[in-house]
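# An overview of the molecular structure
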Amino acid sequence: MFGRLLWKLLRGSGGRLAVAILALVSCAMVVSALLNLEFDIERKLTQEFRMLGANILISPSNAQITGSSPAELMSEREVWAAIQNLKDPNVVAAAPFLYVVESAQNRQVVVAGTTLEELPKLEPTWRMEGEWKSSQDQPTVCLVGRNVAQQLQLTVGSPLLLTYLGKSAQFKVVGIIDAGGAEDNQVFVELPEAQDLARLPGQISFAQLSVSGTTKSLSRYAARLASALPACDVKPIRQITEAEGDLLSRIRLLIVSMVVLISVLTALCVLGTMAALAMERRQDVGLMKALGGSIGRIVTLFMAEVGVLGAVGGFVGAILGVELSRWMGRRVFGQAISSRWEIFPLTIVLVVAVALAGALPLRLLGKVKPAVIFREQ
Amino acid sequence: MATLVQVEELRKEFGIVHALAGVSFNVGSGEWIAIMGPSGSGKTTLINILGGLDTPTSGQAIVDEVDVARLDEVGLTRFRAQKIGFIFQQFHLVPYLTAIENVMLAQYFHSTTDEKEAQLALERVGLGDRIEHLPGALSGGEQQRVAVARALINHPKLILADEPTGNLDEANEQTVIGLFRELHREGHTILMVTHDPAIGNLANRRIEFAHGRLVKATPSNARVSGLF
């Protein structure tokens, strides 16, 4: 009989309840989308921040990284052994750098020896005219910065002769870099070529890594790397990690605030609808009490009705919210937010709680006095 | 005849208004009592107190050995479910429940529902073919018969009827009164508020109220004339 009564209550008040369920579906939709965003924002932000380039720098202890002097150097083999031993799958890219000032066409240029194939992953924001180096290319190809190309009148395909202390090597320009920074004044060649020219085999100035994951996991990884390389400084690049952490905190606060605000507004909307419904049902409640219905049983019936509304609204809204979050992801991050199954029960529970909070006027129906109701008529 | 209802010095005050000003009377088990009097004389207040819908300011209202005045909210709820069958002038059916569901609602609040028994109750009042109709699809007389079936479904000790024919046309009034006569013959105890002397005459006794006081208690003409 309880189920039958519940069904009849829902059917009997369809018009009025439609307003409440619309509010609950809307609430669930936005809350579900925001929660999806909340769960996925860290991954998305990490991806976005990885676009800004390397976030861990390994350098010789107390070295001044100027990009112009190889005064302090490290062992390439030791650094690479440490990175590979940690076997962290979050390492997106890693590249060693050896900086040497060499001459080209009687001009001084900064030459960076590195792993050219890692550069697109390490510096995804660089714009490139021509091509990144591929595995099919000869080791004697190079990338030149925009300013160097201008000064030396180089284009894609031009030869470039680099000389260091009487030793020369011929390179072919395959791409011109527009980095918007100091890199525009540099020439990038393969590390072994730079080491050979500079007569510094196995030596590097520093190494850069791009590591995905949260700010905390990044710090943990840096600490593990530091303990594996006691002779080196291993530091997360502070500006990027702090900006990431700060932005993440702000977005999370915004999301939580929005969820709370939407929940409160929905509860108020449900409250208004239920207040009107409670007025309509005073007579029914008076009658039920006259027939021997206990307050608990009657209020349970009405609360179950609201609970069903909340569950249905939460379920429908959660499904719509997944679509909304995908749309938001595409608009904000250029790709859909991944939906999480935990969002469904979480949204439904939250919306049921919102519905029950908004059903306060129905709880007050328990105080209805049948004699008073009948006297009013 | 065992006493089912015992009312002693019953008072009910609404502020300065004395709805009941010290009423005393007894009702024997199986009696049909007509409570009469002008509007505002305290008839409905008496019914409400005896039915556990209201509490007296002072005095005793004992129904089937239970002093209603001493019951708390929970006790009153159980009392209403187990001992009282109400029939109201306005019928008071739940508009979104069918006839049979309205009857089953009383079963639900009493103990457990039995659809077959509810159907038999409706067949008894001549509505066997209207059980799935909503109140809005029933005439006033039919609605009142649903209310009678609902009042009887839990086999109450006392049937309290407040102007049960007040909203009915003559034909439906006769049908409903016929039902009451049948219930009385079966031994049900009935307290019925009515303005209609003809209906009052059908009862065993008439109790007349004025200004919250019992002014006259007489055997009805019908009883004298040996109708029962």
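Thresholds applied
- Residues numbered from 1 in each chain as written.
- Chains lettered and ligands numbered in written order.
- Predicted model: local features only at pLDDT ≥ 70, side-chain atom pairs only at ≥ 80, totals over all residues.
- Helix = DSSP H or I, 4+ residues; strand = E, 2+ residues; numbered from the N terminus.
- Buried ≥ 20, exposed ≤ 12 C-beta atoms within 10 Å, placed from the backbone.
- Contact = placed C-beta atoms within 7 Å.
- Pairing = 2+ DSSP bridges.
- pLDDT = per-residue confidence, 0-100.
- Axes fitted to C-alpha atoms, helices over the stretch in contact; angles between N-to-C directions.

Moving on to the overall build of chain B. Secondary structure summary: chain B contains eight helices and ten strands in total. Taken across its 228 residues, chain B has 51% of its residues classed as buried. Across chain B, the fraction of contacts at a sequence separation of at least 24, relative to all contacts at a separation of at least 6, is 66%.

Quick look at the sheet that holds strand E5 (residues 66–67) of chain B now. Paired through backbone hydrogen bonds, the strands of a sheet run either parallel or antiparallel to each other. All names here are of chain B. Spatially, E2-E1-E4-E5 is the arrangement adopted by the four strands of the open sheet, whose pairing is antiparallel. Either end of the sheet is taken by a strand with one partner, and the two such strands are strand E2 (17–28) and E5. As judged from the two bridges shared by strand E4 (residues 58–63) and E5, these two strands associate in the antiparallel manner. Residue pairing across strands places Ile 62 opposite Asp 67, the latter belonging to E5.

This part takes up the confidence of the model for chain B. Residues and elements named next belong to chain B. Looking at chain B as a whole, the pLDDT averages 86, with 96% of positions reaching at least 70. Every residue in residues 221–228 is under pLDDT 50, and counting partners more than four places away or in other chains gives nine contacts. ipTM for the predicted complex: 0.84, alongside a pTM of 0.65.

Below, the discussion takes up the sheet that holds strand E8 (residues 189–193) of chain B. Residue and element names in this part refer to chain B. Strand order in the open sheet formed by six strands is E6-E7-E8-E3-E9-E10, and the pairing between neighbours is mixed. The sheet terminates laterally at strand E6 (84–88) and strand E10 (213–219), the two strands that pair on one side only. Between one strand axis and the next, the sheet turns by 15 degrees as a mean value, whatever way the strands run. Here four bridges tie strand E3 (residues 32–36) to strand E9 (residues 205–210), and the two strands are oriented parallel to one another. For Met 36, the partnering residue across the bridge sits in E9 and is Glu 208. Strand contacts of helix H1 (residues 43–50): E3, strand E7 (158–162), E8 and E9, with the helix running at about 145 degrees to E8, the strand carrying the most contacts.

Let us now look at the environment of A:Arg297. Along the chain, A:Arg297 turns up in helix H9 (residues 295–333). Remark: the alpha-carbon pair of A:Arg297 and A:Gly366, spanning 69 residues in sequence, is separated by 9.5 Å.

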